[in-house]
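So the chains spell out like this:
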Amino acid sequence: MSEITKRYPGTLALNKVDARLEEGEILSLLGENGAGKTTLMKILYGMEKPDAGEIFIHGEKVAFNNPNDAIARGICMVHQHFMLVPAFTVVENVIAGIEPRKGVFIDRRAAESKVAALVEKYRFNIDPHAKVESLSVGEQQRVEILKALYRDAKILILDEPSAVLTPYEVDELFITLRFLREQGTSIVIITHKLKETMNVADRVMVLRNGVLIHDDVKPADTNPQELSEMMVGRLIQLEARHPSPRIGGVKFSVKNLTVKDERGCEKVKDVSFDIREGEILGIAGIEGNGQCELIEALTGLTTPESGEVLLDGKPLCGTARDFIDRGVGHVPEDRTHMGLIAPMTIKCNMILGYQDCPDMSRHKLMRWKEIATYAETCREEFGVKTPTVEAPVSSLSGGNQQKVIIARVLSREHEALIVAHPTRGIDVGAQEYIHNELYKFRDKGKAMLLISADLDEVVKLSDRLLVIYEGRIVADCAPEEFSKVQLGLLMTGNSLESVKEVGA
Ligand SMILES: Nc1ncnc2c1ncn2[C@@H]1O[C@H](COP(=O)(O)OP(=O)(O)OP(=O)(O)O)[C@@H](O)[C@H]1O
Ligand SMILES: [Mg+2]
């Protein structure tokens with residue numbers, strides 16, 4: 001890619017960026033939130049058109065009008081939010097759009113055998129006939145990669161592929177990527193997890209504010225600390241834990257909580273725990289083990305089957321509105337579906353859920369002037385990268401959208417917070433800031449429940465750690481009592497006894 005420039009209203013997303021990709025290499029693309037990583041890759045994938053610049057494949061100039069053009073040249077992109085049809089099988093998802101035909105009919109046999117051959121070759125360990133909705137997140141990602149392989153990808157782009165994976169799944173993904181590399185596939189991986197970059201990439205490229213800063217960093221010659229400095233231009237404290245200075249009495253408690261999902265399946269099974277004043281209670285677990293239903297019950301989004309939730313000794317019940325009024329804040333796990341309203345302005349998204357509070361509206365009339373000032377303050381404090389808070393929230397980069405949600409919750413007073421994946425997709429610099437804000441909240445003597453699939457984060461932030469598996473709490477421990485490997489084993493259903501043996 002040569003001298004690629006892309007301008008959005010008020011933002012120069014890419015400024016004359018030169019990028020190259022060799023055959024059979026894994027390139028890691030790093031940069032702060034809003035640096036232009038996704039935009040650059042969308043241009044390569046034909047989803048966005050550059051304002052200037054050229055793309056060459058094996059020296060031949062190409063121009064893509066849409067992703068189909070790019071796919072025809074062997075370029076495939078796996079987006080952070082998977083684009084699979086849950087009710088379809090693996091095969092149906094993989095062949096969607098390019099079904100092999102026999103006359104007017106889909107040639108299922110041909111499709112199935114080609115998919116099965118790929119599953120075999122890449123040792124993917126998934127059933128081609130399974131419905132996608134029954135697969136784990138890691139397996140769904142393999143389906144996305146299968147889609148690319150089925151389309152004979154020579155260049156595979158992965159936008160934050162590991163954000164939702166457990167450590168074990170990340171290892172599996174990397175095995176696949178290395179195998180693909182051996183076959184001559186070129187891979188671009190965007191990630192904010194620097195340790196992973198070191199682990200898998202042959203070369204690192206760093207963007208800052210739409211400008212190429214480095215394009216030939218070798219992981220062997222650097223370290224995560226140095227990489228984060230290249231990205232944000234200053235030193236970042238990556239790992240240090242800050243245990244709570246003072247833990248008080250019980251603030252938030254959950255007693256014998258059972259929650260069913262909309263199909264009537266029990267997803268949270270007789271769960272009890274207390275969170276004390278000044279405590280962050282972490283819940284580690286693989287997605288889909290009841291975390292989602294637990295959060296919904298703790299924020300008033302669903303009514304539990306049985307059991308009780310108490311704040312300061314008084315029962316919490318009613319609607320989400322009632323929970324907010326009692327001072328329970330919520331950082332939802334899925335920012336695109338639950339956290340934001342995409343076409344609405346950044347300003348309005350910053351007050352979502354709080355629009356009836358007296359400082360935001362009076363007698364049902366919105367106080368727009370105050371709201372604008374408030375949104376402006378949030379933008380500055382949390383470093384949301386945008387020319388104006390009047391822009392739609394969908395125009396923000398992934399990490400900056402997450403910052404809007406965090407700003408909305410952390411800039412108001414709460415008694416307790418229910419927080420899911422607070423820094424998913426957030427760069428290391430902003431991560432440090434958000435972690436400090438979470439600590440500040442805790443240190444005021446408040447209670448926080450933290451749910452994260454990112455073990456590093458949950459171990460770093462928590463004062464106490466629970467492990468959830470199939471809707472039950474299977475371990476209650478100090479954050480550093482178990483190694484990450486042991487935690488990973490607990491998260492996948494191994495018994496406490498067997499896990500202790502591994503450690504011993
Ligand atoms: N459709 C759009 N309209 C307006 N601005 C946009 C649009 N898409 C991207 N931008 C802007 O372009 C810049 C680069 O965005 P991009 O999504 O490429 O960042 P990124 O490096 O992928 O960040 P992140 O790590 O947060 O995902 C950002 O400032 C973003 O706000
Ligand atoms: Mg991005």
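Residues numbered from 1 in each chain as written. Chains lettered and ligands numbered in written order. Predicted model: local features only at pLDDT ≥ 70, side-chain atom pairs only at ≥ 80, totals over all residues.

A. Examining the overall build of the protein chain more closely. For the protein chain, the count of helices and strands is 18 helices and 24 strands. Here the protein chain has a C-alpha radius of gyration of 23 Å; the compact-globule value for 504 residues is 23 Å, and the two agree. Overall, the protein chain is about 70 × 55 × 50 Å in size when its C-alpha atoms are taken along their principal axes. The burial tally for the protein chain puts 44% of its 504 residues in the buried class. Across the protein chain, contacts joining residues at least 24 apart in sequence account for 70% of those joining residues at least 6 apart. (Helix = DSSP H or I, 4+ residues; strand = E, 2+ residues; numbered from the N terminus. Rg over C-alpha atoms; globule rule 2.2 N^0.38 Å. Buried ≥ 20, exposed ≤ 12 C-beta atoms within 10 Å, placed from the backbone. Contact = placed C-beta atoms within 7 Å.)

B. Structural context of the environment of G425. With respect to the helices and strands, G425 occurs in the loop between β21 (416–420) and α15 (428–443). A C-alpha to C-alpha distance of 8.8 Å links G425 and N400, two positions 25 residues apart in sequence.

C. Examining the site of ligand 1 more closely. Close to ligand 1 lie 21 residues, the nearest being Y8, N33, T38, S397 and G399. Sorting the residues of the shell around ligand 1 by element identifies β2 (11–17), α1 (37–44) and α14 (398–410) as the ones contributing at least two each. Considering only residue class, the shell around ligand 1 consists of 4 nonpolar, 14 polar and 3 charged. Shared between two domains, the shell around ligand 1 holds at least three residues of each, these being domain 1 (2–232) and domain 2 (250–503). (Near = placed C-beta within 6 Å. Nonpolar A, V, L, I, M, F, W, Y, C, P; charged D, E, K, R; others polar. Domains from an automatic or database assignment.)

D. Highlighting the environment of P86. Structurally, P86 is set in the loop between β6 (75–78) and α3 (90–95). Among the residues examined, P86 registers 12 C-beta atoms within 10 Å and is labelled exposed. Expressed as a C-alpha distance, the spacing of P86 and S134, which sit 48 residues apart in the sequence, is 8.1 Å. Once residues within four sequence positions are removed from consideration, P86 is found in contact with V132 and E133.

E. Region of interest: the sheet that holds strand β18 (residues 328–331). Pairing in this open sheet of 6 strands is mixed, and the strands run β18-β21-β22-β15-β23-β24 from one edge to the other. Each edge of the sheet is formed by a strand with only one pairing partner; in this case those strands are β18 and β24 (472–477). Going across the sheet, the axis of each strand differs from the next one's by a mean of 20 degrees, ignoring polarity. As judged from the 5 bridges shared by strand β23 (residues 464–469) and β24, these two strands associate in the antiparallel manner. Residue pairing across strands places V467 opposite A475, the latter belonging to β24. (Pairing = 2+ DSSP bridges. Axes fitted to C-alpha atoms, helices over the stretch in contact; angles between N-to-C directions.)

F. Spotlight on the domain arrangement of the protein chain. For the protein chain, the assigned domains are domain 1 (2–232) and domain 2 (250–503). Look at where the C-alpha atoms of domain 1 and domain 2 centre, and you get two points 29 Å apart. Contacts between domain 1 and domain 2 engage 22 residues on the former and 24 residues on the latter. Looking at the side of domain 1 that touches domain 2, the elements that each hand over two or more residues are α6 (167–182) and α8 (224–232). Take the side of domain 1 that touches domain 2: its biggest share by element is 3 residues, from α8. Its residues assigned to classes, the side of domain 1 that touches domain 2 shows 9 nonpolar, 11 polar and 2 charged.

G. Expanded view of the sheet that holds β2. Spatially, β2-β1-β4-β5 is the arrangement adopted by the 4 strands of the open sheet, whose pairing is antiparallel. The two strands at the open ends of the sheet, each matched to only one other strand, are β2 and β5 (60–62). Strand after strand, the sheet turns through a mean of 35 degrees between neighbouring axes, direction not considered. Inspection of the sheet shows strand β1 (residues 2–8) paired to β2 by 4 bridges, in the antiparallel sense.

H. Representation of helix α4 (residues 108–121) in the model. Under the 1.5 Å per step criterion, the end-to-end length of α4 is 20 Å for 14 residues, consistent within 8% with the ideal 20 Å. Looking at the buried positions of α4, the neighbouring elements they touch are α3, β8 (105–106) and α5 (137–150). Residue R123 follows α4 closely and has a positive phi angle near 45 degrees. (Expected span 1.5 Å × (residues − 1).)

I. Spatial organisation of the nonpolar core. The biggest cluster of nonpolar side chains holds 136 residues, and the ones touching the most others in it are L156, I157, I187, M448, L449 and L450. No fewer than three residues from each of domain 1 (2–232) and domain 2 (250–503) sit in this core. Ignoring anything within four residues of it in the chain, the contact list for L156 reads C76, A148, L180, T185 and I187. (Core = buried A, V, L, I, M, F, W, Y, C linked by C-beta atoms within 7 Å.)

J. Seen up close, unusual backbone geometry. Of note in this structure, N125 is not a glycine but carries a positive phi near 55 degrees. Tracing the sequence through the fold places N125 in the loop between α4 and α5. Unusually for a residue other than glycine, H363 sits at a positive phi of about 45 degrees. If you trace the backbone, H363 turns up in the loop between β19 (361–362) and β20 (365–366). Assessed through the 4 C-beta atoms surrounding it within 10 Å, H363 is described here as exposed.

K. The arrangement of the pairing of strand β22 (residues 447–452) in detail. β22 sits mainly inside the fold: 6 of its 6 residues count as buried. Covered by surrounding structure in β22 are A447, L449 and I451 together with M448, L450 and S452, the residues of both alternating faces. Judged from the 6 bridges that link them, strand β15 (residues 279–284) and β22 form a sheet pairing that is parallel. Bridge assignment links L281 to a residue of β22, and that residue is L449. Pairing analysis gives 5 bridges linking β21 to β22, with the strands arranged parallel. Following the sheet pairing, A416 is matched in β22 by A447. For the crossover from β21 across α15 to β22, the handedness is right-handed. (Right-handed = clockwise from strand over helix to strand, strands pointing away.)

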